[in-house]
2 protein chains.
Amino acid sequence: MSQPSQDHILVIDDEPVVRESLAVYLSDSGFKVDTARSGDEGLALFRNNKPDLVICDLRMPLVDGLDVLKAINSESSETPVIVVSGQGSMNDVVTALRNGAVDYLFKPLIEMEVLEHSVRRALERGHLLKQNRQIREQLELTNAELERSLDLLEEDQEAGRRVQLRMLPPTPHVFNETCHFSHRIIPSLYLSGDFVDYFRIGPDRIGFYLADVSGHGASSAFVTVFLKSLTNRIQRHYEKRAASNTLSPARLMRDINKELISMAMGKHLAMFCGVVDLTENKLIYCIGAHFPPPILINDGVASALEGRGLPVGIFSDATFEDIVIPLAQKFSLVAMSDGVLEVLPEGSMEAREAHLLQVVSQGPKDADALASLLQVDGDMEVPDDIALLVVNRNE
Amino acid sequence: MSQPSQDHILVIDDEPVVRESLAVYLSDSGFKVDTARSGDEGLALFRNNKPDLVICDLRMPLVDGLDVLKAINSESSETPVIVVSGQGSMNDVVTALRNGAVDYLFKPLIEMEVLEHSVRRALERGHLLKQNRQIREQLELTNAELERSLDLLEEDQEAGRRVQLRMLPPTPHVFNETCHFSHRIIPSLYLSGDFVDYFRIGPDRIGFYLADVSGHGASSAFVTVFLKSLTNRIQRHYEKRAASNTLSPARLMRDINKELISMAMGKHLAMFCGVVDLTENKLIYCIGAHFPPPILINDGVASALEGRGLPVGIFSDATFEDIVIPLAQKFSLVAMSDGVLEVLPEGSMEAREAHLLQVVSQGPKDADALASLLQVDGDMEVPDDIALLVVNRNE
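Keep in mind it's a predicted model, so treat the numbers as computed, not measured.

Peer 1: Before we go on, may I ask you to explain the nonpolar core in this structure?
Peer 2: Nonpolar side chains tend toward joint burial in soluble globular proteins. Residues A:Phe181, A:Met271, B:Phe181 and B:Met271 are the most contacted members of the largest nonpolar core, which totals 133 residues. Apart from the residues lying within four places of it in its own chain, the contact partners of B:Met271 are B:Tyr209, B:Leu210, B:Ala211, B:Leu227, B:Met253, B:Ile256, B:Cys286, B:Ile287, B:Gly288, B:His290 and B:Val312. Core analysis: the next-biggest nonpolar cluster, separate from the first, contains 45 residues, A:Leu22, B:Ile12, B:Val93 and B:Ala101 among them.

Peer 1: Which parts of the structure should I look at to understand the domain arrangement of chain A?
Peer 2: One frequent convention defines the size of an interface as the accessible area lost when the parts assemble. Domain boundaries in chain A define domain 1 (8-136) and domain 2 (168-394). Taking the mean C-alpha position of each, domain 1 of chain A and domain 2 of chain A sit 80 Å from one another.

Peer 1: Would you take a moment to explain the sheet that holds strand 2 (residues 32-36) of chain B for this structure?
Peer 2: Strands in a sheet are paired, the pairing made by backbone hydrogen bonds, and the direction either parallel or antiparallel. All names here are of chain B. Spatially, five strands are ordered 2-1-3-4-5 in an open sheet, and the strand pairing comes out parallel. Two strands bound the open sheet, and with one partner strand each, they are strand 2 and strand 5 (103-106). If you compare each strand with its neighbour and ignore which way they point, the axes differ by 20 degrees on average. Relative to strand 4 (residues 81-85), strand 3 (residues 53-57) is paired through four bridges, and the arrangement is parallel. Looking at the pairing, Ile55 lines up with Ile82 of strand 4. Docked against the sheet, helix 2 (residues 39-49) engages strand 1 (8-12), strand 2 and strand 3, running at close to 145 degrees with respect to strand 2.

Peer 1: Would you mind showing me how to read the packing of helix 2 of chain B against helix 3 (residues 65-75) of chain B here?
Peer 2: Residues and elements named next belong to chain B. Put simply, helix 2 and helix 3 touch, their axes get as near as 10 Å, and they point 20 degrees apart. As summarised for this structure, helix 2 and helix 3 are arranged roughly parallel, according to the angle between their axes. Pair helix 2 / helix 3 crosses with right-handed handedness. Of the residues in helix 3, those in contact with Gly39, Leu43, Phe46 and Arg47 of helix 2 are Val68, Ala71, Ile72 and Glu75. Class assignment for the residues of the contact of helix 2 with helix 3 results in five nonpolar, one polar and two charged.

What counts as what
- Residues numbered from 1 in each chain as written.
- Chains lettered and ligands numbered in written order.
- Predicted model: local features only at pLDDT ≥ 70, side-chain atom pairs only at ≥ 80, totals over all residues.
- Heavy atoms only, no water.
- Core = buried A, V, L, I, M, F, W, Y, C linked by side-chain atoms within 4.5 Å.
- Buried < 20%, exposed > 50% of the residue type's maximum accessible area, 1.4 Å probe, protein only.
- Contact = heavy atoms within 4.5 Å.
- Domains from an automatic or database assignment.
- Pairing = 2+ DSSP bridges.
- Helix = DSSP H or I, 4+ residues; strand = E, 2+ residues; numbered from the N terminus.
- Axes fitted to C-alpha atoms, helices over the stretch in contact; angles between N-to-C directions.
- Parallel < 35°, antiparallel > 145°, perpendicular 65-115°, else oblique.
- Left-handed = near helix turned anticlockwise from the far one by under 90°.
- Nonpolar A, V, L, I, M, F, W, Y, C, P; charged D, E, K, R; others polar.

Given below as structure tokens:
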């Protein structure tokens, strides 16, 4: 470890020859040197010039070296003091070390190299202590700053997340005492680009969708607000009017496609949208690039729903197609966003789809149960947002 | 600085008495001690046990102390070595110090306290060096981790910001070759809860609004997406139809009020919404808790627009009121969100409003010019989002 050579040394000795030879040698070695002829003068210079190190003869008239050592130690315990003692005065040395001297030298001071070694070692200790303190202060400062920035952003995202959670429908929710809807969103960050909604659109009809916006985080979450505002409107439309004609998922997706393009957010989405008709026992649905395919269990028989369709929000002339299939009295419908594929055991896409089919066949009673089966429970970190939607009718 | 007393010391000396007395004293002082009878044995133990410090006699048969010192220094330069020399062999000491010994002691070793001082000082140096390194490593690790988290969130917010910017109208934008609209949004974080839009709603009519969502950041930015989606729809409505009846700002705000409440985002907003009619030369506007009041300069005469109204998104039965005022051939209209009040010179609210009136009276040609006059230019940090909207017709 190098030290700046402008270190400042105070030499206190009543013998002119010793004092001057020390001063000359240390100056030649690159130190800045003050000299004092007595303990009194030495202490005055010490208080005035605040040297980095003091070399002090132990035996001096009036104020002797031990007094100087004690005074310096009480006033500035970090300043190293090297004491100089007569040959063989080991008792003096021990007393000095007990009183805080960092090192000792015996007169005559012939081997100046030994002296310089002692000086540099003592200074190094001071530099190390100082460096430790500086690094620690720097550490605390930088960390505090980073943490402040992080807290600010986390708070912001957390607030956004709370608003996003408010836009999600209640889970679980039972329609007409028989039809259970539930969902679970596991965001990869705070804000999710996956979104789920379900809402009544007539006495016996429930509209629902699961959407996966391209990307994730804040920018994708924006699009979920857009979706919610749009479907909210549709929901209110059906609330107000006698539900003579039902909602067409394909038409809704066509509208979303148009409006999303006009929003110019540079985002598109995959979507599975449907209407469950509890009286006519049918499912009307439309798929827009949603993957993996939703799974329907009709009377215990599980199968993947057909249909692919275009992504929503890219092609202004995109059309979508409704598919109608019958629902058994007892059915389950499960939809998952593609984020789920990334947390499944390694394997080909076919293997993973088969795995999902097998998991869903176990008949999870709600989205939380499905999350457990998929082992995406708790606060686990996921690489992409995951949305789960589970619909069950058991009667 | 305290050091753990389990420091491990290796004593190498061919004289049994010296070796044993050192071992006993150091053990009693709380150190773990190994002893070696020769340089060879010492080096073997050193390599095996990796002691924290070595005390080595300089004069030994075969492998002497200097060889041991050199070997240790080349293999582990951080391990301090204290050499023990015969009384008066200053040349040996100098050679040892040159070869990396941290300290020296003269035989006979009577003052064990001096020895212990030397040992502790040498160990302290090692501990300080180690601590320095550890603190530095800790610093780098913690900082890297914090920075990673911060980068992730900043990236996310930045992406959100880009999407939000895309939703803002072009600035400046000229309608009918005469009417200049421009805006400037200065977010307090990345995402803004302030929003501005303007759009044609007929051959000679331009709709516009400035909204300030409660709070700021991601959660408030969500509401701006909702606003954009809603007004986008209105814009398209007017695009499609012959504009027989014009947009009523009060009615638009009533709709926004209802829809925002139904979104249940827990957010409300202040809003200034209007229609500039370039043929009939009038401004139809509505204010919902927007503050400070917009400023209109008609033929060089500046005045604050009247009207307060309720905030939007709180009261489901809130009503709003259109106000119509004539526009001079040459007019300026300036609206600012209340964030601007926080960057004005200190003073009473009246004084700040007067200040704004004075600034606007200077006739900034667009929102950027207004930002300069208000000194909210560049990347300055602002405590609350600031939105500026400037409309000018000069003919």
